[in-house]
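Overview (structure and organization)
As a plain string of letters, each chain reads:
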Amino acid sequence: MAIDFGKEVDYVAQLARLTLDQEEKKRMAGQLSDILDTARRIQELDTTAVEPTAHVINLPAVLREDVTRPSLSLNRVLQNAPRRQKDFFRVPRIANKIPEQAED
Amino acid sequence: MKYEVVIGLEIHLELQTCSKLFCSCSTTFGKEPNTNCCPICLGLPGSLPAFNRRAIELAVTAALVLNSNVQLKSRFDRKNYFYPDLPKAYQISQYDQPLAKGGYLRIETDGNYRNIKLERVHLEEEAGKLIHSGESIIGSDYSLVDYNRAGIPLLEIVTAPDITCGREARLFLEDLRSILLYSGASDCRMEEGSLRCDANISLRPSGSDKLGTKAEVKNMNSFRSVELALNFEARRQAEILVAGGTITQETRHWDEEKKLTIPLRSKEGSSDYRYFPEPDLLPLILEDNLIKEISAALPELPAARRERLKEQFGLDSSEAALFTVNRSLGDFFEEAAGKYSDYKNLAKWVQGDLLYYLRESGKTVEEVDPQQFIELLALLDAGEINRPVAKDLLNEMILKGTSPQIMVQKKGLGRISGDEQLLPLVEKVIDENPGAVENYRQGKDKAIAFLVGRVLARSGGRADPGEVNQILKEKISRG
Amino acid sequence: MKLYEQTAANLSMLLQKKEVSSVEVVQSFLDRIELVEPYVKSFITHTPAMALDMANAVDNRRVGGEKLHPLAGVPIAVKDNISTQGLRTTCASRVLENYIPPYDATVVETIRRLGMPLLGKTNMDEFAMGSSTENSAFYPTRNPWDLERVPGGSSGGSAVAVSTGMAPLALGSDTGGSIRQPASLCGLTGLRPTYGRVSRYGLIAFASSLDQIGPLSLTAQDSAMLMNVISGYDSLDSTSLSEAVHDYTVHPEEDVKKLRVGVIKQNVSESFDPQITAAVMKSVALLKDNGADVDDVSLPLTDYGLGAYYLIAPSEASSNLGRYDGVRYGYNSGGDNIEAMFSATRGRGFGPEVKRRIMIGTYALSAGYYDAYYLQAMKVRTLIRRDYETAFKRFDILVGATTPTPAFKIGEKTEDPLQMYLSDICNITDALAGVPSLSVPCGISSDGLPLGMQLAAPPFREGLLLKVAGFLEQNRDYLPLRPRVKLPEGGEV
Ligand SMILES: [Mg+2]
Ligand SMILES: [Zn+2]
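Summarised in this report is the structure supplied together with it. (Residues numbered from 1 in each chain as written. Chains lettered and ligands numbered in written order. Predicted model: local features only at pLDDT ≥ 70, side-chain atom pairs only at ≥ 80, totals over all residues. Heavy atoms only, no water.)

**Considerations on the coordination of the zinc ion (ligand 2)**
All names here are of chain B. Protein coordination at the zinc ion (ligand 2) comes from Cys23 (SG), Cys25 (SG), Cys38 (SG) and Cys41 (SG), with a distance range of 2.3 Å. One can describe the site at the zinc ion (ligand 2) as tetrahedral: its four donor atoms subtend angles covering 100 to 116° at the metal. Linear spacing of the donor residues for the zinc ion (ligand 2) on their chain is C-x1-C-x12-C-x2-C. Here Cys25 is found in the loop between strand E1 (3-14) and helix H1 (53-65), whereas its partner Cys38 is found in the loop between E1 and H1, with 13 residues between them in sequence. Across the pair, exposure class does not vary: Cys25 and Cys38 are buried alike. (Donors = N, O, S within 2.8 Å, 3.2 Å for Na, K, Ca; no water. Tetrahedral: all angles 85-135°; square planar, octahedral: opposite > 155°, others 65-115°. Helix = DSSP H or I, 4+ residues; strand = E, 2+ residues; numbered from the N terminus. Buried < 20%, exposed > 50% of the residue type's maximum accessible area, 1.4 Å probe, protein only.)

Shown next as structure tokens:
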């Protein structure tokens, strides 16, 4: 049973913040269906009582001491900034103005 | 139908470490923008996180004082979402294996105690700070990002939907702040953003145990605004329900100016955080011993202190409460009490004149030397100075840190008494005010008070009014 | 004597004996680059001035009598997903076309400290996603054995640089075969170390639980020398391991007596190019003739490796690549609100394969699919590890083909991602299990293309892999080791 990825493409692209044109979406839907059909074969395996492997290393985390080190210079921090204003990174409008609801 | 309000709080507070959670940048507040940043906290390609031991110890401390069950094994996950203050487009947080589970905080409302249940306590990283071009995020044409804050260790405390009104939420937060201040885990400064609170609020028919549709309220910047916002929101929802409407599940923004909540536009699907285990960090395994050590080293907590202050120093409830809420004032009192045994008098001075002059001068109690303070009370008790002089000296002591004993010696501020010292002043005042003297002689008692005042003024406040009164009367009747 | 034809080990010796200077060595490689590079395009950024400066500095130190590391003065090429301070690091992506890291990766810091002149940053598949280096946003790299063919990927630029004598050594990265597969297609030794053996700090992440930096070289000894300096614990990488680092040096007298060799049935499959299987079996016979104990072994979960890999790697990638949002660095599309800017920046900045994997990963992690895809894949990963643990009770090393076919034609698989993914079929399970795995040349096809054999060992036994590779090298009976690059206009270089 193949997955119809066509329906999912818009939702997933939005979640991943990827603008895709119509052509890309169409091609993507087909290719992703194929890939996921293959990937889905892992569902044949019985994995009840199998612990997932998130890390191949079976060791606890090593902890760092709470000491400070010099940070980067401001120039270095901002040297790659696509949009800069004074000593900040600048981004366009985040939230739109919403008309206030009538309170009754 | 009657409705009851159901509130759950989500509190984020910054832990008091020197360096950030995953890198060695300083956590100092108020630095020039983007100067406490490195490849790790900027999320530069290729950088990797490494745990700060102190952050974990402080988180365990906080969990312990909140009666939460610290987990020997916990795990860090990535919470994926896009936002300009989030450098990696994911927050390293804890999802299904948090640092601590359950717990409660005991609060007192109108003399009744109640345990507010907690769901979890976990550790995560702070995001950067946005500065909007306009007054608020809504309607601003652009925003500026400062990543100094990004990566500071953040403790998230999630309560059960266990709170019933805005006031209770405020009391919970006040007690929470107090207990966490005591634990040393956080400085809990809401005005600097090191303590923040979001709330989920819904209504349900009284007696029902099903939760209604909730709204999430954000942007409450003080304990008072939490109370106001939640009360506003409860009323708003009630009005909708009473009118037969339905509540929309949404995020609402508290407008501090207008004192109302407004909806924040939400992107559909934006709450699918796609949590998965952080591959760059191995699981956090806490040694049983570490938890025991932290547990043994816990400081005295507010409730215990309040009781002890009553017991040990005979303070009344309001004094004990003040010296608990204002921890440093309480510490000052206790240190002074070690060398001064009239606790009632000490408490009276600390909460009265000391606090008054501290406020006047803008100084903090940490800047006052308890030893000098006791000297001052001792001078007063010994009758070396009188109350007005003591107050002046206290003020000067706070401002300049000069010892009261030295001030008394230098300025000759010791008390003036006895005929030898007072008679010359009295005679002068009688000479200068024949009218008042005449009035007194004719039986107008008020005139004597005027004359006493003149003498006191001449003495620079160092004479005792009773003694002056007596000497004056004697002199006038004799002379 | 042409210096650019020498192995790193030979160069090291010549430098230590002061028979040549590092500047001479570097100049020889720079001349070679000038001659060959236009035909193969294995670099994204060339750093001739920097290389000469570093060589000069090393020469001065040597003249001054300073005791230097054996690799001091030996130049190196570095894959362009490894951060170099002050030097553009693009990941072969438009998104990072102008990105200049303000810090060095730990491995780069090491090679700078030792005085290894940096020749340049090598081409790759964008964000290391691919098996042919065709997914570079800039240009494909060509296989020097046949310019119409791919060099493999994603570390194709590093492989070609070494294969053509433009660099004696190169660093690559391997997530699911990206060192071993191009090593195989270009006739080199390429090692994927144990996960955690080499610090990942500064390696631009593709799939964090799988990525490892490793060497590509002409000989096992050259890889060993490089491993000796890049291995070890790094406090900046919480997943690096403090296990003691062995001396990986390969000695000419290595033998394989009593070595227990398991031939993985699935990796000498009948569906593979028979020439590859034959070449692998010939090497296996050589081991057996020299006293190794050889037997077949089945790793049944190999069939599921591809599925698990193509869920785990894209899932992690979808998260790792979220940061390319146009705010702090990299490409920015503009846009009048933040959402428009995010989506257009990412939509235009990433190439098709990267977008494909972000889509798969986002989908596999999204609500409702997590358990069936991502979680199941992580559980299958556990089963795969158990497969290996069981096999390593019986065998010291596991062998098979590195790739199902020799180098394929440019453009042959670009329209069919699944076919492209299948070219890594032999490489994926080692990566999922976290074990060290190496590709060593084992023959030349009738078309004159190199064939590779893959060896895997238990964690931390990369020394054994290098030793066996060294043994096979000593005993190989075919030539050449390096291609003559046949130029389209006629002639060869
Ligand atoms: Mg949180
Ligand atoms: Zn930092």
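Moving on, there is more to tell.
**Topic: empty space enclosed by the protein**
All names here are of chain B. Tallied over the entire structure, the rule returns seven cavities of 30 Å³ or more. The computed volume of the largest cavity comes to approximately 90 Å³. Taken together, 13 residues form the lining of the largest cavity, with Ile40, Leu48, Pro49, Lys88 and Ile92 sitting closest to its centre. Residue composition of the lining of the largest cavity, grouped by class: seven nonpolar, two polar and four charged. (1 Å grid on protein atoms, 1.4 Å probe; cavity = no way out; pocket = protein on both sides within 12 Å on 5 of 7 lines; lining within 4 Å. Points joined across faces, edges and corners; volume = space filled by probe spheres on them. Nonpolar A, V, L, I, M, F, W, Y, C, P; charged D, E, K, R; others polar.)

**Thoughts on the layout of surface pockets**
Residue and element names in this part refer to chain B. In this structure, the second largest pocket encloses a volume near 1200 Å³. Forming the walls of the second largest pocket are 39 residues, and the residues nearest its centre are Glu174, Asp175, Ser178, Arg306 and Val325. Of all elements in the fold, only strand E7 (104-109), helix H2 (166-183), helix H5 (302-313), helix H6 (317-325) and helix H7 (327-337) reach the threshold of two or more residues within the lining of the second largest pocket. For the lining of the second largest pocket, a count of residues per class yields 15 nonpolar, nine polar and 15 charged.

**Considering the pairing of strand E13 (residues 215-220) of chain B**
Residue and element names in this part refer to chain B. Bridging between strand E12 (residues 195-205) and E13 involves four bridges; their strand directions are antiparallel. Residue pairing for E13: Ala199 is matched across the bridge by Val217. Pairing of E13 with strand E14 (residues 250-255) involves four bridges; the strand directions are parallel. Paired with Lys218 across the bridge in E14 is His253. As a crossover connection, the stretch from E13 through helix H3 (residues 223-242) into E14 is left-handed. (Pairing = 2+ DSSP bridges. Right-handed = clockwise from strand over helix to strand, strands pointing away.)

**Thoughts on the environment of Ser223 of chain C**
Residues and elements named next belong to chain C. Checked against the element boundaries, Ser223 lands in helix H7 (residues 220-230). Separated by 215 residues in sequence, Ser223 and Ala8 place their C-alpha atoms 8.9 Å apart. Those residues in contact with Ser223 that lie beyond four places of it in its chain are Thr189, Pro215, Leu216, Ser217 and Leu466. (Contact = heavy atoms within 4.5 Å.)

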